[in-house]
Every structure is written in C-alpha cells, then in structure tokens.
Amino acid sequence: MSLPPLASGPGGPDALRPLLDTVLDALAAGAARRGGPLPAGGPDGVAARVADALGDVLPDTGDPDALHTLVQALAEGAADPADPLCAAHLHCPPLAVATAADLAASALNPSLDSWDQSPAASALEAAVARTLARTAGLADALVTTGGTESNQLALLLAREAHGGTVQLVCGAGAHHSLARAAWLLGLPEPVVVPTPHGTLDPATLHEALTALPGPLLVAATAGTTDAGLIDPLPEIAGLCTAHGARLHIDAAYGGGLLFSDRHRDRLAGLEAAHTVTLDLHKLGWQPVAAGLLAVARPHELAALRQRADYLNADDDTEAGLPDLLGRSLRTTRRPDILKIAVTLKTLGRSGLGALVDQVCARAREFASLVQDHPGLELHARPVISTVLFRPADADDATVAVVRRRLLQEGRAVLGRARADGRLWLKATFLNPHARPDDLAHLLKLVEGSTPA
Ligand SMILES: *Cc1c(COP(=O)(O)O)cnc(C)c1O
C-alpha cells in the first residue's frame, strides 16, 4: 500500500507543489464556469451541481481526482468576494499574500494550546497580538475566530471582573452576538437602548444608566453591521466613567480604520474601553478566521486560567515553558496570527491604510451615484464603507424581490437592512480593486431588476 504524502516534514513541500497546481487550476476552472459573483440558479441549482460533483461521499475505494473535482465545484458555486458585484456582507476578498501564509499554517499545523506544539507560532502570536492591541490603545489581545467569539469573551471577562454577573446595556444596532453571549453566560436579559438615529445617543444612555442597578457593562459599536455607523465613543466613555460602568467597544467592522491616517480619528475613545473587538477578516482582508479581543487590563485574563497536566503542568510553567492554555476558551487552535503578521509586515500600516481609504472612497462615490440617480433613493452618506439605498417609490416587498432576483440570476450580491422603518438594499464595499465602472454597473443591474 502506498501511503498518502504528508504536508510537512522533509517531503512536504515537494508533495504539495503538484497538488497546489491542481488546486489553482481547479479554482480557475470553477471561477470561469461561474462567470459572475454568484452561481446562477439559486439554492436548488447549486445543490444539484454539488451533489453531482460529490457523487459517493465515502466510496469504498478512493478517487485521485477528488481534489480537482471538489475544489472546482466549490469555486463554481462560490459567492466570490473578489468580484466587485459581490458586496452584501462584511465578507472581504482575502489578500493573496495572506492566503499563501495560511497555507503554511495548514502545512505546519501548530496548535496554540501548548508551547511544545507551537514554539515559534506562540512567540509570534504574543508579539503581534500585543502590537495590534497597542494600535488600538489597549495592552494585550487574545486571538479569536471573529467578532462573535470576541464579544463573548468580553462579556465573560466583564462578568468575572464583577464577581459573577453584569448587566449588559447596548444600542438597538448592536451585533446579535452580544445578546446571545449574555444568554450563553447566564447574564440578565440585555437592556437595549433605542437608537432612532442609528447610534447610541448619550442623553438616552445616561438616562438608562441612571435607572439601572449595577454592575453595568455598556457595549458600544464602532461600525454597525447594518449601516456602518460609529457610536459617539468619547461621550460614551465619559458616561461609563461617571456611572462606574465597564465599557466594551465592538469594532469588528470599524477597527480597520486604525490603519488609516485619514480615518483613524473617528475611533477616538477606543483607548478608553476595557475590551475592544477587532476583526481582520473584515477591513483587514484576511481569510476567515482572524478575530481579536483587545484588553486594557491583562491581569483580568487570569479569569481564563486553566490547568491540564498534559498541556501546562505547574513544574513546566515554573521551568519557563510558556502557559498558553489560558489565552482562549478553545484547546486546539490554529495559528491565525501567521497570515495577519505576514499581511501587516508586507503592506505596512500605510499599505493597509491605503486599502481602507480606497474602499471608503468607493462607498462615497457609490453614494453620490445613487444620489444623482432619479430612480434611486440614498439612505445616508456612508460613514465607513456601507451604503443603504433603494429604488425610489418601491415598497419593501419590491426591494426584497430585487435583491433575490439578482441572487437567483447570479448577477450581483447585495445585502438588506432595515432602517427608519423601511427595507433597504445594502452595498458593503470591501474590495479595493473595485473600479468606478463597477459601481455604475451595479446600479444598472438594480435598475434592470426593479419591476416597472
Ligand atoms: C461581523 C460582526 C460581528 C461578528 O463577527 P464574526 O467574525 O462574524 O463572528 C460582531 N460585531 C460586529 C459589529 C460585526 O460587524
């Protein structure tokens, strides 16, 4: 029997090289067959093609072409965030250099639950996470799978800092993962402050905090998922100090503005938070997953401390082996920091900042096109890179149909959001390669899909 080759070890690179050619060929072939941002035919068409490519999931005898067949099927049926007409979600096109680095992470397969599985990766993670935390004005950061896990850890740290419970207070536009984390952690039902103008109003928040018994945790948002709005962070930080409340800022989307000289000031106040959620698989152009939770007081991480003799025995720790188990709720953990480190060093702050500036500028240009178009209505000028718009004089059902029609035909991928009591189409610009022509094309497609 010939054994399948391994990805690491002395033979790893040579075993991978031809397989990578296969993967790259299949990616190209799949994308060509798709021919647009999304496969045409909707869920039934896609599921049929996947079933066809898959055939027998666990055949008695293996199929040497499986790599090509399945990668091609996945590419053919993908929503490709690198297509400028794919602009629904905070779903970024990953940078080629970050994706290449992620291959090395898979090949070497370090696991960050103990030093003896990840000697260099753990040193890299410590240095890069701390630098990113300091960029946000905080002291240290945990690496997470994204905003959801970061928000959950933020609530857990708040609960533990307050001796077992805390009342979450957040705006109506806060991410759903906060309320879910409160549920998971056995915290009281969150107090949701209405945000009729999209962001937390300091006067309304002051009233809410005055009326509530503590301990309190305010969660502000820097970049709401629906509209990309930023809560007034300095005022909220001041209120938290005055009321003795803890402050978490969910900057999963807006955190990327830190890289930009032009836009960084909008995050003033971030440094006043106890914890900050960052998500580099949004405005950071990383393959999923690339989340962080920055913390102002690293000693609070002691709440996550765990002892497992096979991973961090006391005498090993005393002898100087780093204790990594308490830096996550996960055990086996990928070195997501490698692609992040490679990206930061390859592009530099100015290179990343230029990408941020580019997508923000595209969003403003798109908003101007909408505003100048007699058949379309603009919700508001974009704050980051999200634009809400709708066909003028259409009802909500029509707006929903336009979006689904474009999805079904595989022509454009737009999101949806409710604001001011109405349904809007949402375009989230995260593709720095999008050109002005692409924006005009997107509007034409919307126009063409709107029933007269
Ligand atoms: C995307 C997002 C999240 C969730 O992040 P995931 O990486 O999807 O888990 C949380 N908060 C905000 C504001 C977000 O935009």
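Reference entry: report on the structure contained in this document. (Residues numbered from 1 in each chain as written. Predicted model: local features only at pLDDT ≥ 70, side-chain atom pairs only at ≥ 80, totals over all residues. Heavy atoms only, no water.)

1. Observations regarding the layout of surface pockets
Part 1: Taken as a whole, the largest pocket spans an internal volume of roughly 1200 Å³.
Part 2: Forming the boundary of the largest pocket are 37 residues, of which Val23, Leu27, Pro94, Thr99 and Pro287 lie nearest the centre.
Part 3: At the level of secondary structure, the elements contributing two or more residues to the lining of the largest pocket comprise helix 1 (12-34), helix 3 (66-76) and helix 4 (96-108).
Part 4: Its residues assigned to classes, the lining of the largest pocket shows 27 nonpolar, seven polar and three charged.
Part 5: Volume-wise, the second largest pocket comes out at about 440 Å³.
Part 6: Lining the second largest pocket are 24 residues, and of these Gly198, Ala227, Leu229, Arg418 and Ala419 lie nearest its centre.
Part 7: For the lining of the second largest pocket, the residue count by class is 10 nonpolar, 10 polar and four charged.
Part 8: Shared between two domains, the lining of the second largest pocket takes at least three residues from each, and those domains are domain 2 (99-346) and domain 3 (348-449). (1 Å grid on protein atoms, 1.4 Å probe; cavity = no way out; pocket = protein on both sides within 12 Å on 5 of 7 lines; lining within 4 Å. Points joined across faces, edges and corners; volume = space filled by probe spheres on them. Helix = DSSP H or I, 4+ residues; strand = E, 2+ residues; numbered from the N terminus. Nonpolar A, V, L, I, M, F, W, Y, C, P; charged D, E, K, R; others polar. Domains from an automatic or database assignment.)

2. Overview of the nonpolar core
Part 1: Counting residues in each nonpolar core, the largest one holds 57 residues, and the members touching the most others are Leu205, Val218, Leu247, Ile249, Leu270, Val276 and Trp285.
Part 2: A per-element tally of this core places helix 12 (residues 337-372) first, with eight residues.
Part 3: When residues of this core are assigned to domains, at least three map to each of domain 2 (99-346) and domain 3 (348-449).
Part 4: Each residue touching Leu270, except ones within four places of it in the same chain, is listed here: Ala136, Leu138, Leu233, Ile249, Ala251, Leu258 and Val276.
Part 5: With 25 residues, the next largest nonpolar core counts Phe389, Ala400, Leu425 and Leu443 among its residues. (Core = buried A, V, L, I, M, F, W, Y, C linked by side-chain atoms within 4.5 Å. Buried < 20%, exposed > 50% of the residue type's maximum accessible area, 1.4 Å probe, protein only. Contact = heavy atoms within 4.5 Å.)

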